[in-house]
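# An overview of the molecular structure
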Amino acid sequence: MQTWSLVSMCVLLGIVVRWGVSLNSYSGAGKPPMFGDYEAQRHWQEVTYNLPLQEWYFNTSENDLNYWGLDYPPLTAYHSLVCAYVAKTINPEWVDLHKSRGYESPAHKLFMRATVLVADLLIYIPAVVLYCLYLTDGSTKKKVCTVFCFLLYPGLILIDYGHFQYNGVSLGFALWGVLALGLGWDALGSLAFCLALNYKQMELYHALPFFFYLLGKSFKLGLMGRGLFLLVRIASTVLVTFALCWLPFLSDPGDAMQVVRRIFPVARGLFEDKVANTWCSLNILIKIRSILSIDSQIYISFACTLLAVLPSCVRLLMKPTFWQFKLALVNSSLAFFLFSYQVHEKSILLAALPVCLLLNDLPLMVIWFLQASTFSMLPLFLKDGLLVPYAVTSLAFLFFSIYLLSALEHCSEEELRLGVYHRLLFCLPKLDLAWIVKWKFYISVSAMAGLSVVTVALVPPTHLPDLFPVLVSSTAFLHFLGTFIYFNIVQFSEPPSRKSQKKND
Amino acid sequence: MAAVDSWSWFPALALGVSFLKCLFITAYHSTDFEVHRNWLAITHSLPVSRWYHENSSEWTLDYPPLFAWFELGLSHAARHFDPDMLLVENLNYSSPPTVLFQRLSVIFTDLMLIYAVRECCRCVQEQKGCRDVLNRPSFVLAALLLGNFGLLIVDHIHFQYNGFLFGFLLLSVAKHMQHKHLQGALLFSLLLNLKHIYLYVAPAYGVYLLRSYCFTHDNTDGSVSWRSFSPLRLMALGGIVASVCALSFGPFIAMGQLPQVLSRLFPFKRGLCHAYWAPNIWALYNTLDKILATLGVRVRLLQEAELPRASMTGGLVQEFQHSVLPSITPSITLACTLLSILPAVTSIWLRPRGARGFLRCLLLCALGSFVFGWHVHEKAILMAILPLSILAVENREDAGIFLVLTTTGHYSLFPLLFTPAELPIKVCLMLLFTIYSFTALRTLHSGQVSLLHPLERVYLLGLVAVAFACEVAFPLSPWQQMLPFLPLLVTSVYCSLGVCYCFLRLHATLLRPDQKTKQP
């Protein structure tokens, strides 16, 4: 069968699954007074449509920032505005100022879901298809299998189409950036990444690898010659893109500063809810938030993040190849997730995207991490009433990714890049590491399945009401930490495959 | 070793389709959902003697008794989900556990279909030297049957148990292909007692079993050898059918309720066509009548006041009279149906061509009754599409017919899901299935030459135009208010052209000389 038909079938299946999930409930459905992310997005449409641009980020009599005030960069606001225009033509009630607060109806839900799908169809899905077809190795069939698994990653689908957010937009832009960089179009890549950054500030998780990759590339070309030219071109692209995105806010410096303050809410604390990162897990043992002041929390988390990111970024700067770039993206986003300030459980999607890029190279590890990342958001899904889609999509993803990418067959020590461990553990007797990894995978998957069942089926003891969410988040944390260490080691070991290097030039 | 390994794709495919089905749990469901919930309640909480008398819901039990027993079995599992759904007076009850249970019951009973498909796949001839799994006839057949668009939307969104029932039909066909005729007959009589709509294909079974099983061998010229008749085999068959019927209807005969049961099973108070006209000959007939009436009024041959007041496009009107053409009665449709299946049935009597010939006869019976039957549902087209899949992977010409019939037949199911939320699903699934069937069958019959005649291709492209006009353009146009049922009319008329064309093409294949590929 031709590639086009296989790819189009993958895409169609991706759409069907997305839409199937979107038939379910969303965050905060029928839960006044605050509702959830769905209402936040609707409220932003209302605000951007009805208020002048200067008031969007300010607390005024017409704009109550305490009720889902806009706290994403301008591109999100523009996107809301475009959606609001469409909403207005369909039904003006949906974006009526003040009166539409908490508006819910089946037709409106359909409209909101459709906006997510349209954004995905325009940005995320084409990027995934092109990436898998042009930047992965192997036969056509293998590429199609990668498209299939990439598109069906459950975490993103459940958050965007179940919980309700537009992560597909920012992640899609970032993916376009990766794609362009992989094809050697550096200026276009930085343009796409700037768009991502201006859509969602959390894209900062990916910023350092982009920066160091391009910097390293310029160094390699020679800072006095073509490298400088490249650097200037990229810098001007970035500046122009940023200036265009922020243009309406630049007339008054106060406006721009207010936007920045809204985007980086320092006052919200080290972490919220149960996040599977270092601080929240540490919190089980030490109550950091009560010991340290907010300022020192910021400094500590900043220092830790920097320390964690540094090795992979330095390595990337020294060896700016596409393979290193992909690994650095993983390591940097995981470092940010594990150590930075104010992390949401949904931010794991930012790490999941670069991990997906490695689906073809390290299938078992990638699938393992992706499964853990979906699992880490379980409490959120349960709150939103997404149990059935969570169970179905996770099981299906686990089964099909392993089956199609033959993950369990490709796990010799060489294929898992475990050689370094032997050198690190030279004192120990020679172990069959691949075998151990495989068993660890089985045990961890059954642990995640078991915890999912227990969380759903059992009532926690009264004196430990948060027992299951904490168990879920600390299990996930262990997985993320393990993945972080593993990918760092992979980055520092020899790039063993000729295949991945071939792509760099 | 190779045989074991080469089937590993089958569970994966089956599992994948089942996962997909699970995603539609919260989707829209039609009144059939309430029908089946009500039957669960009736069979669970009432004594057997009341089953076919109970009428507190408008959705009375109108399937044969074996299906009622099946519902009784299901209701015992349903108890553990939500006991309230088993109360007869709880009309239109659909709590989340009820929905979950009912949806899961369809998904789990589809195991029957999965098993049957597996058996059918074993019977198709594999091409030699084909190493790619995707291009193997058995894989294509499994994908076409398990991933069938019609079954997915009718069972898992609209809500019915067709997958389970088609499992019996396909398994019985597979058993005939494996020369296990008694098992095949047993499965079919079970099926008949589960849903009597399969009576339509009973002539094919009757004639085939009589001719190819009860007569043990043929004369040298292929005609029937009367002396080879084996009364023992006939008695075995009769015994099987009679005992299954006794098991199913026995208790009701004992209670003297047979007339009541039969009156429920065969309600003749319904009209010629369903609210939405199934794409058959009567849709064309009705349209012709309407056109003639309008023309007649235009040229003053008819008085508008004299015409029977019947809104043809009115959707809700079940019984109406034709204005110009003679009205059609049930006996006319019965006669037409019998006439239409006659060639197929005679053909397998005169020239038995093994299980493939029987299968062709079976689907001609199904299609004949679809085209000429009384009060046909559009869903009945599946009865022709599914068996045709088996022939399509083995024969090039059948593949061409299959593509036309499935595409039109499936498209005619579109009005079944009218809710806007399900629009993307039906469109994408339809595209998915259509793209797959076109590319897979073309690769399978390894040709650069298209499987379709240019005219057929034009017709199918026209279908895209009709779909666009009905689903997108029309709702936005001002005619939406004046003629709300126009899209349904256009859909059924356009699709009925394709279905009738396939019906004729399939009859033409009966005249085809025997080919080597036909012999099992």
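Residues numbered from 1 in each chain as written. Chains lettered and ligands numbered in written order. Predicted model: local features only at pLDDT ≥ 70, side-chain atom pairs only at ≥ 80, totals over all residues. Heavy atoms only, no water.

### Re the overall build of chain B
Regarding its fold elements, chain B presents 22 helices and zero strands. By the compact-globule yardstick of 24 Å for 520 residues, chain B fits well, its C-alpha radius of gyration being 23 Å. Each principal axis of the C-alpha atoms in chain B carries an extent, and together these give about 65 × 60 × 45 Å. When burial is assessed residue by residue, chain B has 57% of its 520 residues classed as buried. Within chain B, residue pairs in contact and separated by at least 24 positions form 76% of the contacts whose partners lie at least 6 positions apart. Taking the 36 positively charged and 29 negatively charged side chains of chain B as two groups, their mean positions are separated by 8 Å. (Helix = DSSP H or I, 4+ residues; strand = E, 2+ residues; numbered from the N terminus. Rg over C-alpha atoms; globule rule 2.2 N^0.38 Å. Buried < 20%, exposed > 50% of the residue type's maximum accessible area, 1.4 Å probe, protein only. Contact = heavy atoms within 4.5 Å. Lys, Arg positive; Asp, Glu negative; His and termini not counted. Charge placed at Lys NZ, Arg CZ, Asp CG, Glu CD.)

### Some points on the interface of chain A and chain B
Each side of the interface is counted separately: chain A has 27 residues, and chain B has 31 residues. Contact with chain B buries surface across chain A, with Met-1, Val-16 and Leu-23 of chain A losing the most and accounting together for 25% of the total. At the junction of chain A with chain B, the criterion picks out zero salt bridges. The tally of links between chain A and chain B comes to three residue pairs in polar contact (both at pLDDT 80 or more). Elements that contribute at least two residues to the side of chain A that touches chain B include exactly helix 1 (3-22) and helix 18 (387-404) of chain A. Per-element accounting of the side of chain A that touches chain B gives the leading share, 13 residues, to helix 1 of chain A. Tallied by class, the residues present in the side of chain A that touches chain B amount to 20 nonpolar, six polar and one charged. (Buried area = accessible area lost by both parts, 1.4 Å probe. Salt bridge = Lys/Arg side-chain N within 4 Å of Asp/Glu carboxyl O. Polar contact = N/O pair within 3.5 Å; in protein donor to acceptor, adjacent residues only side chain to side chain. Nonpolar A, V, L, I, M, F, W, Y, C, P; charged D, E, K, R; others polar.)

### A short note on the nonpolar core
Counting residues in hydrophobic clusters, the biggest one holds 343 residues, and the most contacted among them are Phe-150 and Phe-480 of chain A together with Leu-429 and Leu-441 of chain B. Ranked by residues supplied to this core, first place goes to helix 4 (residues 106-135) of chain A with 14 residues. In this structure, Leu-429 of chain B is in contact with Val-16 of chain A together with Leu-20, Phe-24, Phe-149, Leu-152 and Ile-153 of chain B, ignoring residues within four places of it in sequence. (Core = buried A, V, L, I, M, F, W, Y, C linked by side-chain atoms within 4.5 Å.)

### Quick notes on the side chain of Thr-439 of chain B
Tracing the backbone shows Thr-439 of chain B in helix 19 (residues 423-444). Those residues within four positions of Thr-439 of chain B in sequence are excluded, and the remaining contacts are Met-1, Gln-2, Trp-4 and Ser-5 of chain A.

### Notes on the confidence of the model for chain A
Summary statistics for chain A give a mean pLDDT of 90 and a share of 97% for residues scoring 70 or more. Overall, residues 499-505 of chain A carries pLDDT values under 50, and its contacts beyond four positions in sequence, including any with other chains, amount to nine contacts. (pLDDT = per-residue confidence, 0-100.)

### As for the pattern of salt bridges
Working definition: two side chains of opposite charge can pair if their charged atoms are close together. Across all of its chains, the model carries 16 salt bridges over all chains by this definition. The residue Arg-42 of chain A makes a salt bridge to Glu-39 of chain A at a minimum N-O spacing of 3.0 Å. Here Glu-39 of chain A and Arg-42 of chain A lie together in helix 2 (residues 37-50), a separation of three residues that amounts to about one turn. Glu-39 of chain A carries the same exposure label as Arg-42 of chain A, and that label is buried. The partner of Glu-54 of chain B in a salt bridge is Arg-50 of chain B, with the nearest N and O atoms 3.8 Å apart.

### A word on the environment of Phe-33 of chain B
Residues and elements named next belong to chain B. Within the element layout of this structure, Phe-33 appears in helix 3 (residues 31-45). On a C-alpha basis, the gap between Phe-33 and Pro-343 in space is 39 Å, while along the polypeptide they are 310 residues apart. Beyond its immediate sequence surroundings of up to four residues, Phe-33 is in contact with Tyr-93, Ser-94, Thr-98, Val-99, Gln-102 and Phe-159.

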